[in-house]
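Single-letter residue listing:
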Amino acid sequence: MLAFAAAVFLLIATPGPGVLSCAGVGAGFGFRTGLRYVAGLNLGNNLVILAVISGLAAVVLAAPMVRIVLLAASVAYLMWLAVRIATAGGRLAFGAAARAPGIRDGVILQAVNPKAYAVSAALFTGFPFFPASLAVETLSKLLILNAIWLPLHLGWLWAGGVLHGLDLPERMHRRINLAMAGAMIAVVALALLSMGGTLSAKPGGTP
């Protein structure tokens with residue numbers, strides 16, 4: 001169980017679309033406004049987990065064409081997000097948006113977030129600690145994961161909110177925008193590399 005908790009912390013704490021977008025929303029709109037977005041991310045993440053543990057995600061992703069379409073949608077959405085961040089002018093992250101991202105936006109991001117599926121699959125197919133009951137183990141993992149997930153994402157949102165409240169020079173705002181956008185693009189590149197091997201793999205064989 002401790003190994004599982006440590007894995008949850010390390011996998012979620014590392015920058016990905018979810019945590020980076022939390023910082024962006026906090027920077028652009030403030031901490032309190034961003035709480036709705038974090039709620040949407042959490043709901044979307046739990047829906048992804050349910051899809052993974054129920055086998056639905058495996059069935060859907062078993063079709064190569066479906067995987068290609070979902071990968072293309074993921075890359076397009078994350079690149080669009082990176083462009084929004086990079087072109088936000090002198091303001092941070094989502095500052096140029098007409099409205100603050102809400103619950104729906106958080107759910108959509110998790111639905112197309114490659115890291116959410118990869119992390120869920122790794123955590124819920126590995127790290128067994130209660131072999132007597134798979135149901136008890138799965139429920140325990142859900143509770144542990146959410147207990148770690150929420151503080152981490154709220155922490156990134158808070159960090160962005162701190163930047164939102166600072167009167168930084170326009171040049172510094174622009175540099176932060178570009179750095180955040182660059183991080184998003186790096187996440188997209190890593191997703192393409194990792195999922196590209198999966199797409200080329202044959203059932204029962206190797207890529």
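As a starting point, this report considers the structure included with it. What you see is a predicted model; the values in this text were computed from it and never measured.

Moving on, we get to the overall build of the protein chain. For the protein chain, the count of helices and strands is 9 helices and 0 strands. Element order for the protein chain, N to C, with α for helix and β for strand: α-α-α-α-α-α-α-α-α. Within the protein chain, buried positions represent 43% of all 207 residues. Here the contacts in the protein chain between residues at least 6 apart in sequence split such that 80% fall between residues at least 24 apart.

Turning to unusual backbone geometry, a few remarks are in order. Glycine aside, the phi torsion of most residues is negative, and most peptide linkages are trans. Of note, the phi angle at Phe127 is positive, near 55°, even though the residue is not glycine. Relative to the elements of secondary structure, Phe127 occurs in the loop between helix H7 (114–125) and helix H8 (134–165). With a relative accessible area of 34%, Phe127 lands in the partly exposed category.

Under the definition given, this model contains 1 salt bridge. Ionic pairing is found between Lys141 and Glu137, a salt bridge with its closest N-O pair at 3.2 Å. Residue Lys141 and its partner Glu137 are both found in helix H8; the two are separated by 4 residues, about one turn of the helix. Lys141 sits in the buried class, given a relative accessible area of 1%.

It is worth spelling out empty space enclosed by the protein at this point. In this approach, a probe sized like a water molecule rolls over the atoms, and the result shows the empty space that is left. In total, this model carries 1 cavity of 30 Å³ or more according to the counting rule given. Its boundaries defined by the atoms lining it, the largest cavity holds a volume of some 170 Å³. Forming the boundary of the largest cavity are 18 residues, of which Ile12, Asn45, Lys115, Trp149 and His153 lie nearest the centre. Secondary structure elements with two or more residues in the lining of the largest cavity: helix H1 (2–13), helix H2 (17–29), helix H3 (31–54), H7 and H8. Considering every element that reaches the lining of the largest cavity, the biggest residue donor is H7, with 5 residues. Taken together, the residues that form the lining of the largest cavity break down as 10 nonpolar, 7 polar and 1 charged.

Here the focus is the packing of aromatic side chains. In this structure the tally under the stated criterion is 3 aromatic pairs. Aromatic pair Phe4 and Phe124: ring centres 6.4 Å apart, planes at 80°, arrangement edge-to-face. Taken together, the positions of Phe4 in helix H1 and Phe124 in helix H7 put the pair 120 residues apart, joining distant regions of the chain. Judged on exposure class, the residue Phe4 and its partner Phe124 are both buried. Measuring from ring centre to ring centre gives 6.3 Å for Phe4 and Phe127, while their planes differ by 70°; the resulting arrangement is edge-to-face. Within this pair, whereas Phe4 is found in helix H1, its partner Phe127 is found in the loop between H7 and H8, the two being separated by 123 residues in sequence. Here the aromatic cluster, defined as three or more aromatic residues joined through ring pairs, consists of Phe4, Phe124, Phe127 and Phe129.

Our focus in this paragraph is the environment of Ala159. Relative to the elements of secondary structure, Ala159 occurs in helix H8. Accessibility expressed as a relative area gives 35% for Ala159, which makes it partly exposed. A sequence separation of 137 residues divides Ala159 from Cys22, and the C-alpha atoms of the two residues are 9.0 Å apart.

What follows is about the environment of Gly34. Relative to the elements of secondary structure, Gly34 occurs in helix H3. Taking the relative accessible area as the measure of exposure, Gly34 reaches 0% and is therefore buried. As a C-alpha pair, Gly34 and Gly102 span 68 residues in sequence and 7.4 Å in three-dimensional space. In contact with Gly34, other than residues within four places in its own chain, are Val25 and Leu157.

Here we come to the nonpolar core. Judged by nonpolar contacts, the single largest core of 23 residues is most densely connected at Val8, Leu123 and Leu145. For this core, the element with the most residues is H8, which contributes 7 residues. Setting aside residues up to four positions removed in sequence, Leu145 forms contacts with Phe4, Val8, Ile12, Asn45, Ile49, Leu123 and Phe124. Membership of the second largest hydrophobic core comes to 5 residues, among which are Ala51, Val52, Ala57 and Ala116.

Reading guide: rules and limits
- Residues numbered from 1 in each chain as written.
- Predicted model: local features only at pLDDT ≥ 70, side-chain atom pairs only at ≥ 80, totals over all residues.
- Heavy atoms only, no water.
- Helix = DSSP H or I, 4+ residues; strand = E, 2+ residues; numbered from the N terminus.
- Buried < 20%, exposed > 50% of the residue type's maximum accessible area, 1.4 Å probe, protein only.
- Contact = heavy atoms within 4.5 Å.
- Salt bridge = Lys/Arg side-chain N within 4 Å of Asp/Glu carboxyl O.
- 1 Å grid on protein atoms, 1.4 Å probe; cavity = no way out; pocket = protein on both sides within 12 Å on 5 of 7 lines; lining within 4 Å.
- Points joined across faces, edges and corners; volume = space filled by probe spheres on them.
- Nonpolar A, V, L, I, M, F, W, Y, C, P; charged D, E, K, R; others polar.
- Phe/Tyr/Trp six-rings, centres within 6.5 Å; stacked < 30°, edge-to-face > 60°.
- Core = buried A, V, L, I, M, F, W, Y, C linked by side-chain atoms within 4.5 Å.

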